[in-house]
Amino acid sequence: MLRDITIGQYYPSGSVLHRLDPRVKLFWTLLYIVSMFVFNTFLGYVVAGVTLIVLIKISRVPFKFMVKGLKAVWMLLIFTLVLNLFMTSGEVIWQWKFLKLTREGIRTAVFMGLRLFFLIIGSSLMTLTTTPNQLTDGLETGLRGLKKIKVPVHELAMMMSIALRFIPILLEETDKIMKAQAARGADFDEGKFKDRVKALVPIFVPLFVSAFRRANDLAMAMEARCYRGDVNRTRMNPLKYKQIDRIAYLLQFVYLAVLICADKLLAPLLTKVLPML
Amino acid sequence: MIKANKLAYEYIRRDEEGNVEGIIRALDGVDLEIKKGDFVAILGHNGSGKSTIAKEINAILEPTEGTLFVNGLDVSDESKIWDVRQSAGMVFQNPDNQIVASLVEEDVAFGPENLGVPSPEIKQRVAYALEKVGMEDHRGSSPNALSGGQKQRVAIAGILAMKPKCIVLDEPTAMLDPGGRREVIKTLHELNKKEGITILLITHYMDEVTGADRVIVMDDGKIVMQGTPREIFSKVDEVKSHHLDVPQVTELAYELNKRGFRFPPGVLTKEEFINALLG
Ligand SMILES: Nc1ncnc2c1ncn2[C@@H]1O[C@H](COP(=O)(O)OP(=O)(O)OP(=O)(O)O)[C@@H](O)[C@H]1O
Ligand SMILES: [Mg+2]
């Protein structure tokens, strides 16, 4: 049951996106997220949406697979939609008791929903096409510049990759402890909320004890293998930009330029011609 | 290769204010010499100081008294600590808690990466190390998908990639099934014979000891017996007085001798037992 949780799930399809340098993908994702807050016209959404669709097609990750992994996020999406729909003041077009539907409400709800949707799909596209290892490697190398201002980039990346390595082990262990406690008559599924929370204590205590022991062992094993932080360290596969990565960076600016043109120049013109948008 | 002189180590337990609560003398005047290319097994019941001596050799613990030289390097010398760890690699009991990366080959590369080895050479070393432990087909796997014995062999490969002179293994088979144990021990003997790597194997399993060149028995922080497996296991009573067992065949021959049989002292393997019985 706990093993169904997949973090940073990867979908290998061998596409161009998979082969891109993780740094490129990280910056693309960052830029894409930031770009969500740059535009606010209909045309802007079209540009961002079309870009996303093209990227999904290139990635060869089935859209269904992407959406399936986002069950928890749907709740958030619907919640935001409903909130925006009824809480925005403006020109009322429909009313039932205290619930008011306004023209502005519909507009913000639709746009807000789209924005969130783009954001989530956009960033999961990155995790689907990048292995956790590449991701931490990309973070470490990509953010290397921050070391100058004393950001412990290497340490953070190392922590992340160790966490990724131990999450499945700890999940399995939790499963085992739960079964062991269940065999001794513990009941996690019934009873009052308070009782259920109480039943979790005998799970978390041994889990924490074991996690600390593992951390201790691992620290010693790493030291024994001459790990001394970022001092004089080399990599087996250092990240190197290829031609395709440079093109991808270039396309990033093209995307931004098109988006801003569409949003700031084209859209105002269009509204003059077609005022209903 | 390894030379200890009156080596002692004390664990100091402190209470919350940092006052000394108690002192445990885990090693007490250990004199030890291990030659290059030897396969040495260390036996001893729980708390006899086996892990402590292993950690000393790896410079994880600093000697309280006495001296310890590994590959000619003084382990107390702060500036040589990384050279000591590179010359004497260490494999621990729990295979899960010593694998760092989520990919077998990346884990094997971890040591050489820390040593600052150039990338092309790291690749060669990883290929070499994985081949030596027979795990070359799993280089792209996740460690979580491997059996205990395979994980432990990956851990050995991780040390091997650092090109050590000596490997210290602290109960590497304690968490493995019999098949996994055999795999690991076989790998160790191959490394010892073919690559000339000095092996220091700490274990609780007597049958893993019989193939060693030399056996060291520890009790209460001291070395109490030393010799070839045959020498050690011909003294069944003495071994037992240190709360240890002898291999099952040895024990059987010993008990039978009490009833009038005439097995030579220190029968170590089934074959020897059968030959002695028939001949
Ligand atoms: N971190 C520690 N702090 C305090 N005392 C310790 C510590 N580690 C070990 N000791 C004590 O030092 C002594 C020797 O321990 P050591 O771990 O070397 O034994 P061992 O021979 O490896 O035993 P085992 O077979 O159980 O692994 C024991 O009495 C133990 O209680
Ligand atoms: Mg021990």
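Residues numbered from 1 in each chain as written. Chains lettered and ligands numbered in written order. Predicted model: local features only at pLDDT ≥ 70, side-chain atom pairs only at ≥ 80, totals over all residues. Heavy atoms only, no water.

## With respect to the sheet that holds strand E9 (residues 214-219) of chain B
Residues and elements named next belong to chain B.
Phase 1 of the analysis: The strand order E6-E7-E8-E3-E9-E10 describes an open sheet built from six strands, whose pairing is mixed. In this open sheet, the two strands that pair with only one neighbour each are strand E6 (88-91) and strand E10 (222-227). The sheet shows a mean angle of 20° between the axes of neighbouring strands, taken without regard to direction.
Phase 2 of the analysis: Pairing of E6 with strand E7 (residues 166-170) involves four bridges; the strand directions are parallel. In the sheet register, Met90 faces E7, and the bridge partner there is Val168.
Phase 3 of the analysis: Seen against the sheet, helix H1 (residues 50-57) touches strand E3 (39-44), E6, E7, strand E8 (198-202) and E9 and runs at an angle of roughly 140° to E3. (Pairing = 2+ DSSP bridges. Helix = DSSP H or I, 4+ residues; strand = E, 2+ residues; numbered from the N terminus. Axes fitted to C-alpha atoms, helices over the stretch in contact; angles between N-to-C directions. Contact = heavy atoms within 4.5 Å.)

## Things to note about the packing of aromatic side chains
Phase 1 of the analysis: Counted by the stated rule, this structure contains 12 aromatic pairs over all chains.
Phase 2 of the analysis: Seen in terms of ring centroids, Phe27(A) and Tyr249(A) are 6.3 Å apart; in terms of plane orientation they differ by 45°. Their pairing is tilted. Taken as a pair, Phe27(A) in helix H2 (residues 22-35) and Tyr249(A) in helix H10 (residues 243-273) lie far apart in primary sequence, 222 residues in all.
Phase 3 of the analysis: Classification of Phe27(A) as partly exposed rests on a relative accessible area of 31%.
Phase 4 of the analysis: What makes Tyr249(A) partly exposed here is its relative accessible area of 22%.
Phase 5 of the analysis: Measuring from ring centre to ring centre gives 5.6 Å for Tyr227(A) and Phe110(B), while their planes differ by 25°; the resulting arrangement is stacked. (Phe/Tyr/Trp six-rings, centres within 6.5 Å; stacked < 30°, edge-to-face > 60°. Buried < 20%, exposed > 50% of the residue type's maximum accessible area, 1.4 Å probe, protein only.)

## Things to note about the environment of Lys264(A)
All names here are of chain A.
Phase 1 of the analysis: Among the structural elements, Lys264 can be located in helix H10.
Phase 2 of the analysis: Residue classification places Lys264 among the partly exposed positions, given a relative accessible area of 45%.
Phase 3 of the analysis: Separated by 223 residues in sequence, Lys264 and Thr41 have C-alpha atoms that sit 8.5 Å apart.
Phase 4 of the analysis: Within the local environment of Lys264, its side chain forms a polar contact with the backbone oxygen of Val38, the two atoms lying 3.4 Å apart. (Polar contact = N/O pair within 3.5 Å; in protein donor to acceptor, adjacent residues only side chain to side chain.)

## A few points about the environment of Phe42(A)
Residues and elements named next belong to chain A.
Phase 1 of the analysis: Among the secondary structure elements, Phe42 is positioned in helix H3 (residues 42-59).
Phase 2 of the analysis: By relative accessible area, which is 45% here, Phe42 ends up partly exposed.
Phase 3 of the analysis: It is 9.4 Å that separates the C-alpha atoms of Phe42 and Ala262, two residues lying 220 residues apart in sequence.

## Side note on helix H4 (residues 119-132) of chain B
Count 3.6 residues to each turn of an α-helix, and residues three or four apart come out pointing the same way.
All names here are of chain B.
Phase 1 of the analysis: Given a rise of 1.5 Å per residue, 14 residues ought to cover 20 Å, and the 20 Å separating the end C-alpha atoms of H4 matches this to within 8%.
Phase 2 of the analysis: Listing the buried residues of H4 in full gives Ser119, Ile122, Arg125, Val126, Ala129 and Leu130. Along the axis of H4, the buried residues cluster in a sector spanning 125°; they form a single face. Pointing more than 90 degrees away from the buried face of H4 are the exposed residues Pro120 and Gln124.
Phase 3 of the analysis: Next to the buried residues of H4 lie helix H3 (104-115) and helix H5 (148-160).
Phase 4 of the analysis: Looking at the residues trailing H4, positive phi occurs at Gly134, about 70°. (Expected span 1.5 Å × (residues − 1). Arc of directions from axis to C-beta.)

## Focus: unusual backbone geometry
Phase 1 of the analysis: One non-glycine residue, Cys226(A), lies in the positive phi region at around 65°.
Phase 2 of the analysis: Structurally, Cys226(A) can be placed in the loop between helix H9 (193-224) and H10.
Phase 3 of the analysis: Located in the positive-phi region is Asn71(B), a residue other than glycine, with phi close to 55°.
Phase 4 of the analysis: Take Asn71(B): it is sitting in the loop between strand E4 (65-70) and strand E5 (73-74).
Phase 5 of the analysis: Judged by relative accessible area, which is 32%, Asn71(B) ranks as partly exposed.

## A word on the site of ligand 1
Residue and element names in this part refer to chain B.
Phase 1 of the analysis: In the region of ligand 1, 13 residues are neighbours, and Gly47, Gly49, Lys50, Ser51 and Thr52 sit closest.
Phase 2 of the analysis: One nitrogen or oxygen atom from the side chain of Lys50 is found 2.7 Å from an oxygen atom belonging to ligand 1.
Phase 3 of the analysis: Between Glu171 and ligand 1, the recorded distance is 3.2 Å, taken from a side-chain N or O atom to an oxygen atom.
Phase 4 of the analysis: Computed on the free molecule, ligand 1 has an accessible area of 640 Å², of which 63% lies beneath the protein chains in the complex.
Phase 5 of the analysis: Taken together, the elements giving at least two residues each to the shell around ligand 1 come down to strand E2 (20-34) and H1.
Phase 6 of the analysis: Along the lines of polarity and charge, the residues of the shell around ligand 1 split into three nonpolar, eight polar and two charged. (Near = heavy atom within 4 Å. Areas by Shrake-Rupley, 256 points an atom, 1.4 Å probe, with all protein chains shown as cover. Nonpolar A, V, L, I, M, F, W, Y, C, P; charged D, E, K, R; others polar.)

## Here's the deal with the packing of helix H5 (residues 71-87) of chain A against helix H6 (residues 103-129) of chain A
Residues and elements named next belong to chain A.
Phase 1 of the analysis: Contact geometry for H5 and H6: axes closest at 8 Å, N-to-C directions at 160°. The angle between the axes of H5 and H6 places the two elements in the roughly antiparallel class. Both H5 and H6 take part in a crossing whose hand is right-handed. Counting all contacts with H5, which are made through Val73, Trp74, Leu77, Thr80, Leu81, Asn84 and Leu85, the residues of H6 involved are Gly105, Ile106, Thr108, Ala109, Val110, Met112, Gly113, Leu116, Phe117 and Ile120.
Phase 2 of the analysis: Partitioned by chemical class, the residues of the contact of H5 with H6 number 12 nonpolar, five polar and no charged. (Parallel < 35°, antiparallel > 145°, perpendicular 65-115°, else oblique. Left-handed = near helix turned anticlockwise from the far one by under 90°.)

## Points about the interface of chain B and chain A
Phase 1 of the analysis: In this complex, chain B contributes 39 residues to the contact, which on the side of chain A involves 28 residues.
Phase 2 of the analysis: For the pair chain B and chain A, the summed buried area comes to about 3000 Å², and 52% of that belongs to carbon and sulfur atoms.
Phase 3 of the analysis: Contact with chain A buries area across many residues of chain B, yet Trp82(B), Asn97(B) and Asn114(B) alone supply 23% of it, more than any other trio.
Phase 4 of the analysis: Taken together, the connections running from chain B to chain A amount to five salt bridges.
Phase 5 of the analysis: Scanning the region where chain B abuts chain A turns up 18 residue pairs in polar contact (both at pLDDT 80 or more). (Buried area = accessible area lost by both parts, 1.4 Å probe. Salt bridge = Lys/Arg side-chain N within 4 Å of Asp/Glu carboxyl O.)

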